[in-house]
Amino acid sequence: SYADAYESTLQYFNGDDLAAKVWVSKYALKDSDGNIYERTPDDMHRRIASEIARIEANYPNALPENEVFDLIKNFKYIIPQGSPMTGIGNDFQIASLSNCFVIGNGTQSDSYGSIMKIDQEQVQLMKRRGGVGHDLSHIRPKGSAVKNSALTSTGLVPFMERYSNSTREVAQDGRRGALMLSVSINHPDSEDFVNAKLEQGKITGANISVRIDDEFMNAVVAKENYIQKYPIHSQNPKFEKEVKATELWDKIIHNAWKSAEPGILFWDTIIRESLPDCYADLGYETVSTNPCGEIPLCPYDSCRLLAVNLFSYVENPFTKKAKFNFELFKKHVGYAQRMMDDIIDLEIEKIDAILEKIESDPEGDEIKATERNLWISIRKKTIEGRRTGVGITAEGDMLAALNIQYGSKEGNEFSTLVHKTLALAAYRSSVEMARERGAFAIYDEKREKNNPFVQRIKDADPELFEDLQKFGRRNIALLTIAPTGSTSLMSQTTSGIEPVFLPVYKRRRKVNPNDQEVRVDFVDEVGDHWEEYIVFHHRFKQWMEVNGIDTERNYTQEEINKIIEQSPYYKATSNDVDWLSKVEMQGAIQKWVDHSISVTINIPNDATEELVNQLYIKAWEVGCKGVTVYRDGSRSGVLISNDEKK
Ligand code: UDP
């Protein structure tokens, strides 16, 4: 039952109530009646290890089950994220193992039929788990002519609302169906698009991002006009609109400042750097991203995610002897890449089960057609490209454990070295797999020779580059940095590439004032009694323990501040990391991540729009593929930064 699983899992996580609740409700194996079949995450890790070992056995130099288990147990080294964590070896659900999908009709079709088809595909995918993104640039702009009873078209915004509502309708067992809608800045409705969420309660089921091209950015910097077109970037457009680039840019900045959206995608950087886009004419033209932006994708491609826990490679953490074990890290990254490739074989089995389920439904062939074709298209790209999403978590705790300040020059350099090491080890592994298992089906060395990412590999590791040319690689694109929202709750670390949010915070719990055991710290306006207690970030607590600081005492705020001051988390939290330095860090790391990076630049409540402007331009200049800011307090219920905002 839930209660039994919760009890044993709470013990497993040393009393971490949040981790236990999230694991039992999201990831433990359960049937549709709610019976739970796993008592602790180790049962899950067994299930995953045995499935990966089953696939490994089909290939040379197979990893045995116990070795896989040791890599994933306790969320210590390698963590398959969300969808693979729940889905692998789970016969109670017919679901995909993908965290991310992108769909789309191609640039030509914007009929009602094709718009509704996307709506249906979106729902069909969310039903099988995973976030979905699609691009709206192909929809004709507001006011343009249509040959039906409407005479002029409505533009993008009503369709955003439709797709958002569809997302809200599909529940995903504890996870929300997440949606990304994107549009090109070249589209004449892009201004309406970026303003669409300003009205309270509108389009609440979608994240929105604008694809910004270099021509637009140059026009912003030079204060020139910019010509929007439909079809976008067409030589022979049906519709044109000249706009002041700075005016449109200022609106984007204002909205991001005000409500953290739209996100920005530096589209030319994404395309220029993209390996799959070397195969654009074969259907691999990147058109949008997954909901949190870390995986740019072509239509009907998917990606499964896995995070390597960077904290665990620090030996003697928080001591003077602390050291990052690069050798172990490289070895494990190689395994992580292999496990991701194995998970693609598992995914094909899952897609086949989905297709079988569709065929066995008593619906007519016409009804089934869209869903069936959807999964056939996804299956094709999964096999052909074998895309993987190897990422990391705990960047912030890794730096702290090494006594390096997040956001410092030293910190940025060390992080870049870690991600470069990761990239080269993952590519090495993918090249080895090409030798053992075969390269991805459409691999063609000639198509990739001018790609800047490949050039970087050539400069950093000529031997790897030579082998890449000789054998190809197993996977079309390999790397990412995801937000690792629930993953980092399991690993009890900072998430993704982010610094710690708060090393120490206070929470209140409601108490019965007649109870002898409790201490009443606060009585609220309705007369409820509350006890305040201190919550330490897990690794901050570890730092305290290593340094012999009592973790049980009830400290005053002043005492807490003093303790933080001595710690490696001092001036290294999301609210006090230097913003410009963080953008530079992202740009430097992006050079070693072939997909994208999900990252938020946190700025204080009183930050100006001009600061956002500067950060965005800087992000473009240093080679970030995307950027989002979050101004403290600009959105309610997103983050808790102090006690009042519970
Ligand atoms: N995702 C989703 N719904 C959610 C959370 C995540 O569809 O509620 C997808 C989405 O594509 C996102 C990706 O999973 O970009 C990775 O999210 P995250 O790293 O937070 O995954 P987690 O750690 O929760 O497994």
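Going by the structure above, here's the rest.
Since the model is a prediction, treat every value here as computed from it, not as a measurement. Each chain carries its own residue numbering, running from 1 in the direction its sequence is written. Owing to the predicted nature of the model, reporting of local features is limited to residues with pLDDT of at least 70; listing and counting of side-chain atom pairs is limited to 80 or more, with chain, interface and lining totals taken over all residues. In computing side-chain values, all of the structure's heavy atoms are included and hydrogens and water are not.

Peer 1: Any chance you could explain the packing of aromatic side chains here in plain terms?
Peer 2: For any two aromatic rings, the description comes down to two numbers: the centre-to-centre distance and the angle of the planes. Here the aromatic set is Phe, Tyr and Trp, taking the six-membered ring for Trp, and pairing holds for ring centres within 6.5 Å; pairs whose planes are under 30 degrees apart are stacked, those over 60 apart are edge-to-face, and all others are tilted. Summed over all chains, the structure comprises 24 aromatic pairs. On the basis of an interplanar angle of 70° and a centroid distance of 6.0 Å, the ring pair of Tyr112 and Phe159 is categorised as edge-to-face. Here Tyr112, found in helix H6 (residues 112-127), pairs with Phe159, found in helix H7 (residues 157-169); they are 47 residues apart in sequence, far enough to count as distant. Each residue is placed in one exposure class: buried if its accessible area under a 1.4 Å probe, protein chains only, is under 20% of its type's maximum, exposed if it is over 50%, and partly exposed if it falls in between. Phe159 gets classed as buried once you look at its relative accessible area, which sits at 8%. Aromatic side chains Phe536 and Phe540 sit 6.2 Å apart centroid to centroid with 20° between the ring planes, which places their arrangement in the stacked category. A connected cluster of aromatic rings, assembled from ring pairs, spans Tyr77, Tyr313, Phe324, Phe326, Phe329 and Phe414. The ring of Phe471 carries the charged tip of Arg435 above its face, separated from the ring centre by 4.5 Å. Our definition puts a charge over a ring when NZ of Lys or CZ of Arg is within 6 Å of the ring centre and also within 35 degrees of the ring normal. The positively charged end of Arg508 is found above the aromatic ring belonging to Phe522, 3.9 Å away from the centroid. We count a stretch as a helix when DSSP gives it H or I for four or more residues in a row; a strand needs E for two or more, and each element gets its number in order from the N terminus.

Peer 1: Would you explain the pattern of salt bridges in this entry?
Peer 2: Pairs can form between side chains of opposite charge once their charged atoms are near each other. Just to be clear on terms, a salt bridge is a Lys or Arg side-chain nitrogen sitting within 4 Å of an Asp or Glu carboxyl oxygen. Applying the stated criterion across every chain, the model contains 47 salt bridges. Residues Lys357 and Asp361 are paired through a salt bridge, measuring 3.0 Å at the closest nitrogen-oxygen approach. Accessibility expressed as a relative area gives 23% for Asp361, which makes it partly exposed. Taking the shortest distance from any N to any O, the salt bridge between Glu432 and Arg428 comes out at 3.2 Å. Residue Glu432 and its partner Arg428 are located together in helix H15 (residues 409-437), separated by four residues, close to a single helical turn. Overall, Glu432 belongs to the partly exposed group, its relative accessible area being 26%. On the basis of relative accessibility, which here comes to 23%, the residue Arg428 falls in the partly exposed class. The structure contains a network of salt bridges with shared partners spanning Glu56, Arg338, Asp341, Asp342, Asp345, Arg386, Arg437 and Arg474.

Peer 1: Got a minute to help me understand helix H22 (residues 579-590) in this structure?
Peer 2: Structural remark: α-helix, 3.6 residues per turn; residues separated by three or four positions point the same way. Here, expected helix span is obtained from the residue count minus one, scaled by 1.5 Å. The terminal C-alpha atoms of H22, which comprises twelve residues, lie 16 Å apart, in line with the 16 Å expected from a rise of 1.5 Å per residue. Those residues of H22 that fall on the buried side of the exposure criterion are Ser581, Lys582, Val583, Met585, Gln586, Gly587, Ile589 and Gln590.

Peer 1: Is there a simple way to think about the pairing of strand S22 (residues 626-631) in this case?
Peer 2: Residues in a regular strand project their side chains so that they alternate between the two faces of the sheet. The buried count for S22 comes to five of six residues, which makes it a mostly enclosed element. The pairing of strand S10 (residues 263-266) with S22 spans two bridges and is classified as antiparallel. Across the sheet, residue Ile264 finds its bridge partner in S22, namely Val627. Across four bridges, strand S21 (residues 600-603) lies against S22 in parallel orientation. The pairing criterion for strands is at least two bridges between them, as found by DSSP.

Peer 1: Could you clarify how one ought to interpret the site of the ligand in this entry?
Peer 2: Whether a residue is near a molecule or strand is decided by its heavy atoms; if any one of them lies within 4 Å of it, the residue is near. Lining the immediate environment of the ligand, one finds 21 residues, of which Asn290, Thr484, Gly485, Ser486 and Thr487 sit closest. Here a polar contact means two N or O atoms within 3.5 Å. Within protein one must be a hydrogen donor candidate and the other an acceptor candidate, and residues neighboring in sequence count only if both atoms are side-chain atoms. In the environment of the ligand, an oxygen atom lies 2.9 Å from a nitrogen or oxygen atom belonging to the side chain of Gln81. In the model, an oxygen atom of the ligand is placed 2.8 Å from a nitrogen or oxygen of the Gly485 main chain. For the area figures, the Shrake-Rupley method with a 1.4 Å probe applies, and any residue is considered shielded solely by the protein chains shown. In isolation the ligand has 520 Å² of accessible area, and contact with the protein removes 92% of it. Sort the elements by how many residues they give to the shell around the ligand and helix H19 (residues 485-491) lands first, with three residues. Residues are sorted three ways: Asp, Glu, Lys and Arg are charged, Ala, Val, Leu, Ile, Met, Phe, Trp, Tyr, Cys and Pro are nonpolar, and all the rest, Gly among them, are polar. The class makeup of the residues in the shell around the ligand is eight nonpolar, ten polar and three charged.

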